[in-house]
Amino acid sequence: MFGTNGISPIFLTTVDVTGGIGLDLKNWVKKVDANGNTVVDENGDVVLEEAYSVATGTVLTIDTKAKKLLNGDKELVDISSAFTPQKVEFMKSGGSYAVTFGKKLQTLAAETLGIEAPQVYAPSKEISHEGQGLTAVEKIFNRNAVGVTSETALHAGSDVRVRVNIVGSQDTTGPMTCQELEAMAASTISPLVDGAYQSGCHTASVWDSKAKANIPKLMSFMNKFGLITARDPKGVYPAMTDVIHKVLNDITVDDRAIIIGGDSHTRMSKGVAFGADSGTVAIALATGESAMPIPESVKVTFKGNMKSYMDFRDVVHSTQAQMLKQFGGENVFQGRIIEVHIGTLLADQAFTFTDWTAEMKAKASICISQDETLIQSLELAKSRIQIMINKGMENEAKTLNGLIALADKRIEEIKSGTNPALAPDDNAKYYAEVVVDLDAISEPMIADPDVNNEDASKRYTHDVIRPVSYYDGKSVDLGFIGSCMVHKGDMQIIAQMFRNIEKQNGSISFKAPLVIAPPTYNIVDELKAEGDWEILQKYSGFEFDDAVPKNTARTKYENIMYLERPGCNLCMGNQEKAEPGDTVIATSTRLFQGRVVADTTEKKGESLLGSTPLVVLSTMLGRFPTLEEYKSAVEGIDLTRFAPPTQEMTTKYTAQAVPINVV
C-alpha cells in the first residue's frame, strides 16, 4: 500500500498486521524559490510540488535488502521504516496471528517454568533514554507492556506487546472480525479485557434486507463470545444503534487504558485509543493483547480566552489551522500522538477534540485532565454504564458491573492522591509543541473539502479551514447534525436555539432540510426527561420509530427537520446520502468525495464541516449566515465552552517508572 502524503494510521496498521508493505512515498514536497524560501500561494498556503511521479503505469521497484524505493536505477526514497524486524516477521508468517499467539504461549510457558524465554522471535524493540521523562502515551505503554526485558522505562520508537483494556467492534467490519475469530478457533473473550462492545451504528439508518440478514447473526456471535452487544439475541432489551465511539468513551473507566476499535474514530478522551482492522480487533478480543510501536507525541496547549459566541468545535478546527501555520504547512500531527492538555473539559465534550484527531491524521490522542475533571467524567461514565445495566445489557460475566468497580477504584486513587490523573513528566520529550491561541478565533471555523481547487492534492484533505465570512451568503442545500462528533450539549444547543427563535418569530421554518441523528439512546432518554426532546419533536417533520424502522433509503429531502434514529447516518454514507450535487454543512467528520454527497455531471457535491449552531442557522436561512446573524442567533445560549487550565499539567520526573510484565 502506498500513500502519497502519508498513509492513514488505520490503513497502515491494517497492512502491517496482515504481512503487507506500507510505504509513505513522500513524493509531494514544499516548493522553494531560488533563495531557498518556501513558496506560498495567494491564500498564504504552502505550495507543494511533485518530487517524482506515481501516475498510472509507472513501474516502481521495492528493494527489500537495501530498503529503498527505486524507479529503474534511480533511488526515490528510503523505506526502512516499512521493514523493521517486527514487520518483516509478520511478512514471513503471512500476518500477525501466528506470531502473536506464539509469543503469548512462549511467555506463559517461560513464566510457568521460571526460565527466560529463548530468543526465537524478533525481540521487542526497547528504547530507553537515561534521564528523559515520559510523555503520557509512554507512561500508558510502560504500564501495559507485556514480555519486556528492559529494567528502565521505554520511550517512543520502542516496539512492544501491550495489554488491551477495552475493545470495540462495529457492524460493517464486525462480520469479518467474527470470521477472524473462527479462523483462530477462539471461543471466548480474553479475561485480560476489561470490557468490549459490539455496535449496530453503521447500519442504523435503514433496516433493509441486508441489515436484517447480517446484523442479528453478528450480534448473536459476539454476545456468545462475551461482548456487550447493541442488540440482544434473546430479545430481553430493545435493539439500540448507539454510535460505537460514544459507547466506548463511556465504558472506558481508566485514563491509563489502551483501547482498540474497528474504526478510525476510535479516539477516546480517556486513555489512548487506536483504530484498527478487523484482524487486530479479533486478536485483541482473543488474547487481550496487541503489538505496536510507541509513537512520538506532539504536545498541544492553549492560551487566551474563547469569545462568548464561539463553540468548542471552532477551537478544534482552529487547532489544525494554527498548527499548519506554525509549522509552515507541515502536518506535525501525522502518524503521531496528540497529547492535548485540555484540563477543564469533561470527557463527553473533550471527545469532540480527540475524535477529530483522525482528520488531523494523528495515530491517536490523549486528553490530559485535571483530577476533579477526571472524577466528574468517571462519575458520568458510571451513570451511563448503570443505565446499560438497567436496560438488561449486562452479561453472565458481569462485565458492566466490573467496569463500575474499576471506575470506583480509579476515583478513590485520585481522591486519595495515591495515583492522580495521568500527566506527562516535566522533562518529557516531544516531536513538536503546538500552542493554540483562543483569542485569535473570532469567527465560526469551517473545514472545507475545497472541491474546485486547481491543486488536486489539496482537495478533500480536512486541512483547508476557513472562517464563515469567506462564504458570504453561499447557498446551503442540506444540514446534518449527528455522528460521533456531537454530544448531549449539542442537542441542548439545538433546543435552546429553537426556543429563542420561536420566542422572537413565533414559529420555526426551514429553507433547507435539517437531519438530526443523536449519538446514543441514553442522550435521547436524558433529553426527554429534561424536556428538550419535546421542542425537537414539535418542529420535526419526521421522527424515527423503532417499532417501524425505515426499510428503504431516503433519496429526496424536503425542507423540514428529520429526527433520525441514533447512529452514524449521513456521516457513514453507506445507506443514505444527501442528494447528488448538494452543498452540505454538517457536524460530522467526513468530507471525502462521494461519502456524504455524490457529484453530478454539472456540480460537485461538497460536505463542509462546522459547529452545531452554525448548521442549525444555515438550514433556517438556506445559506451561510453573516457573522452578525450568527452572533445574534447564539446570544444567551450556553455553547460548549472551554477555559484552558491555569497550571502546568505535568508531574515531577523521578526516573522510577519501569515496565510491568503482564502475563
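The rules behind these values
- Numbers given for residues are sequential positions, taken from 1 along each chain in its written order.
- Predicted model: local features are reported for residues with pLDDT of at least 70 only, side-chain atom pairs are reported and counted for 80 or more only, and whole-chain, interface and lining totals are derived from all residues.
- Where side-chain values are given, they derive from all heavy atoms of the structure, hydrogens and water being excluded.
- Labels follow the DSSP assignment, with helices taken as runs of H or I lasting at least four residues and strands as runs of E lasting at least two, numbered in each case from the N terminus.
- The definition of a polar contact used here is a pair of N or O atoms within 3.5 Å, where within protein one atom must be able to donate a hydrogen and the other to accept one, and adjacent residues in sequence count solely through side-chain atom pairs.
- Contacts are assigned to residue pairs with any non-hydrogen atoms lying within 4.5 Å of each other.
- DSSP-based pairing: two strands are paired if at least 2 bridges between them are found.
- Geometry of aromatic contacts follows a simple scheme: Phe, Tyr and Trp rings, the Trp one being its six-membered ring, pair when their centres are within 6.5 Å, and the pair is stacked under 30 degrees between planes, edge-to-face over 60, tilted otherwise.
- Type-normalised accessible area, obtained with a 1.4 Å probe on protein chains alone, sets the label of each residue: buried when under 20%, exposed when over 50%, and partly exposed for intermediate values.
- Only the contacting stretch of a helix is used when fitting its axis, a line to C-alpha atoms as for every element, and angles between N-to-C directions run 0 to 180 degrees.
- Salt bridges are defined as contacts in which a side-chain nitrogen from Lys or Arg sits within 4 Å of a carboxyl oxygen from Asp or Glu.
- Here the nonpolar core consists of buried residues drawn from Ala, Val, Leu, Ile, Met, Phe, Trp, Tyr and Cys, with membership extended through side-chain atoms lying within 4.5 Å.
- Our angle categories are set so that under 35 degrees counts as roughly parallel, over 145 as roughly antiparallel, 65 to 115 as roughly perpendicular, and the remainder as oblique.
- In this scheme, a crossing is called left-handed if the near helix is turned counterclockwise away from the far one by less than a right angle; it is called right-handed if the turn is clockwise.
- Classification used: nonpolar for Ala, Val, Leu, Ile, Met, Phe, Trp, Tyr, Cys and Pro, charged for Asp, Glu, Lys and Arg, polar for all others including Gly.
- Expected helix span is taken as 1.5 Å per residue step, with the number of steps being one fewer than the number of residues.
- Disulfides are defined as pairs of cysteine sulfur atoms found within 2.5 Å of each other.

(A) Fine view of the side chain of His-487. Position of His-487 relative to the elements: it lies in the loop between strand E22 (478-482) and helix H13 (488-505). Side-chain polar atoms of His-487 contact the side chain of Thr-640, separated by 3.4 Å. The residues contacting His-487, other than those within four sequence positions of it, are Lys-246, Asp-348, Gln-349, Thr-352, Ile-523 and Thr-640.

(B) Focus on the sheet that holds strand E9 (residues 159-163). Ordered by their spatial adjacency, three strands build an open sheet running E8-E9-E15, and the pairing between neighbours is antiparallel. Looking at the sheet topology across the chains shown, the edges are occupied by strand E8 (145-146) and strand E15 (289-293). With five bridges joining them, E9 and E15 adopt antiparallel strand pairing. Note that in E15 the partner of Val-160 across the bridge is Met-292.

(C) Fine view of the packing of aromatic side chains. Here the structure, examined in full by the defined rule, presents 13 aromatic pairs. Between Phe-221 and Phe-225 the ring centres are 6.2 Å apart and the planes differ by 10°, which places this aromatic pair in the stacked class. A residue pair is termed a helical-turn pair when its members lie 3 or 4 positions apart in one helix, as Phe-221 and Phe-225 do in helix H6 (residues 209-225) at four residues. Note on Phe-221: relative accessible area 21%, which makes it partly exposed. Classification of Phe-225 as buried rests on a relative accessible area of 1%. Three or more aromatic residues joined by ring pairs make a cluster, and in this case those are Phe-302, Phe-312, Phe-353 and Phe-642.

(D) Local environment of the sheet that holds strand E5 (residues 61-63). The strand order across the open sheet formed by three strands is E5-E6-E7, and the pairing between neighbours is antiparallel. Here the strands that pair on one side only, and so sit at the sheet edges, are E5 and strand E7 (74-78). Direction aside, neighbouring strands of the sheet carry axes that sit 35° apart on average. Where E5 meets strand E6 (residues 68-71), three bridges bridge the pair, whose relative direction is antiparallel. Bridging across to E6, Ile-62 finds its partner in Leu-69.

(E) Inspection of the pattern of salt bridges at higher detail. A full pass over the atoms with the stated rule returns 40 salt bridges. Here Arg-554 and Glu-564 are joined by a salt bridge, their closest N and O atoms 2.4 Å apart. Placement of Arg-554 in the loop between strand E24 (540-543) and strand E25 (561-563) and of Glu-564 in the loop between E25 and strand E26 (583-586) is noted, with a sequence separation of ten residues between them. The buried category is assigned to Arg-554, whose relative accessible area is 14%. Glu-564 gets classed as buried once you look at its relative accessible area, which sits at 2%. Here the salt bridges do not stand alone but share partners, grouping Arg-143, Asp-254, Asp-255, Arg-256, Arg-410 and Glu-413 into one network.

(F) Region of the structure containing the nonpolar core. One finds Tyr-197, Phe-353 and Phe-498 to be the most contacted residues of the largest nonpolar core, which totals 131 residues. One finds Val-160, Ala-196, Ala-282 and Ile-294 within the second-largest nonpolar core, a separate group that totals 42 residues.

(G) Here's a closer look at unusual backbone geometry. One non-glycine residue, Lys-67, lies in the positive phi region at around 60°. Following the sequence through the fold, Lys-67 ends up in the loop between E5 and E6. Overall, the relative accessible area of 29% leaves Lys-67 in the partly exposed class. The backbone of Ser-483 shows a phi angle near 80°, a positive value even though the residue is not glycine. Secondary-structure assignment places Ser-483 in the loop between E22 and H13. Residue classification places Ser-483 among the buried residues on the basis of a relative accessible area of 2%.

(H) Quick peek at the packing of H13 against helix H16 (residues 612-621). For the pair H13 and H16, interaxial distance at closest approach is 9 Å and the crossing angle is 40°. The orientation of H13 with respect to H16, classified from their angle, is oblique. Here the hand of the crossing between H13 and H16 comes out right-handed. Of H16, the residues touching H13 (which contributes Asp-490, Ile-493, Ile-494, Met-497, Phe-498 and Ile-501) are Thr-612, Pro-613, Val-616, Leu-617 and Met-620.

(I) Spatial organisation of the packing of helix H7 (residues 244-251) against helix H10 (residues 347-356). At a minimum axis separation of 11 Å, H7 and H10 run at an interaxial angle of 130°. Comparing the axis directions of H7 and H10 gives the class oblique. The way H7 lies across H10 gives a crossing that is right-handed. Together, His-245, Lys-246, Asn-249 and Asp-250 of H7 and Ala-347, Asp-348 and Phe-351 of H10 make up the contact between the two elements. When the residues that make up the contact of H7 with H10 are grouped by side-chain class, the tally is two nonpolar, two polar and three charged.

(J) Molecular detail of the side chain of His-462. Within the secondary structure, His-462 is located in the loop between strand E20 (445-447) and strand E21 (465-467). Polar contacts involving the side chain of His-462 include one to the main-chain carbonyl oxygen of Thr-589, which spans 2.7 Å. Look past the residues within four positions of His-462 in its chain and what remains in contact with it is Gln-320, Trp-356, Glu-359, Thr-589, Arg-590, Leu-591, Phe-592 and Leu-609.

(K) Looking closely at helix H9 (residues 312-326). Taking 1.5 Å as the rise per residue, H9 with 15 residues should run 21 Å; its terminal C-alpha atoms sit 21 Å apart, in good agreement. Of the residues making up H9, those classed as buried are Phe-312, Arg-313, Asp-314, Val-315, Val-316, His-317, Ser-318, Thr-319, Gln-320, Gln-322, Met-323 and Leu-324. Where H9 terminates, the next one or two residues include Gly-328, which has phi positive at roughly 60°.

(L) Representation of the state of the cysteines. Tallied over the full model, the rule gives zero disulfides. Left without a disulfide partner, Cys-484 is nearest to the cysteine sulfur of Cys-571, which lies 5.9 Å away.

(M) Looking closely at the environment of Glu-579. Tracing the backbone through its elements, the reader meets Glu-579 in the loop between E25 and E26. By relative accessible area, which is 18% here, Glu-579 ends up buried. Along the backbone, Glu-579 and Gln-106 are 473 residues apart, and their C-alpha atoms lie at a distance of 56 Å. Look past the residues within four positions of Glu-579 in its chain and what remains in contact with it is Thr-555, Lys-556, Tyr-557 and Val-597. Here Tyr-557 takes part through its backbone nitrogen, which lies 2.9 Å from a polar atom of the side chain of Glu-579.

(N) Representation of the pairing of strand E13 (residues 258-261) in the model. Burial of the side chains of E13 extends over both faces: Ile-258 and Ile-260 are buried on one face and Ile-259 and Gly-261 on the other. One ladder, built from four bridges, connects E13 with strand E14 (residues 272-275); its direction is parallel. Opposite Ile-260, over in E14, you have Phe-274 as the bridge partner.

Scope: geometric values only; no functional claims are made or implied.
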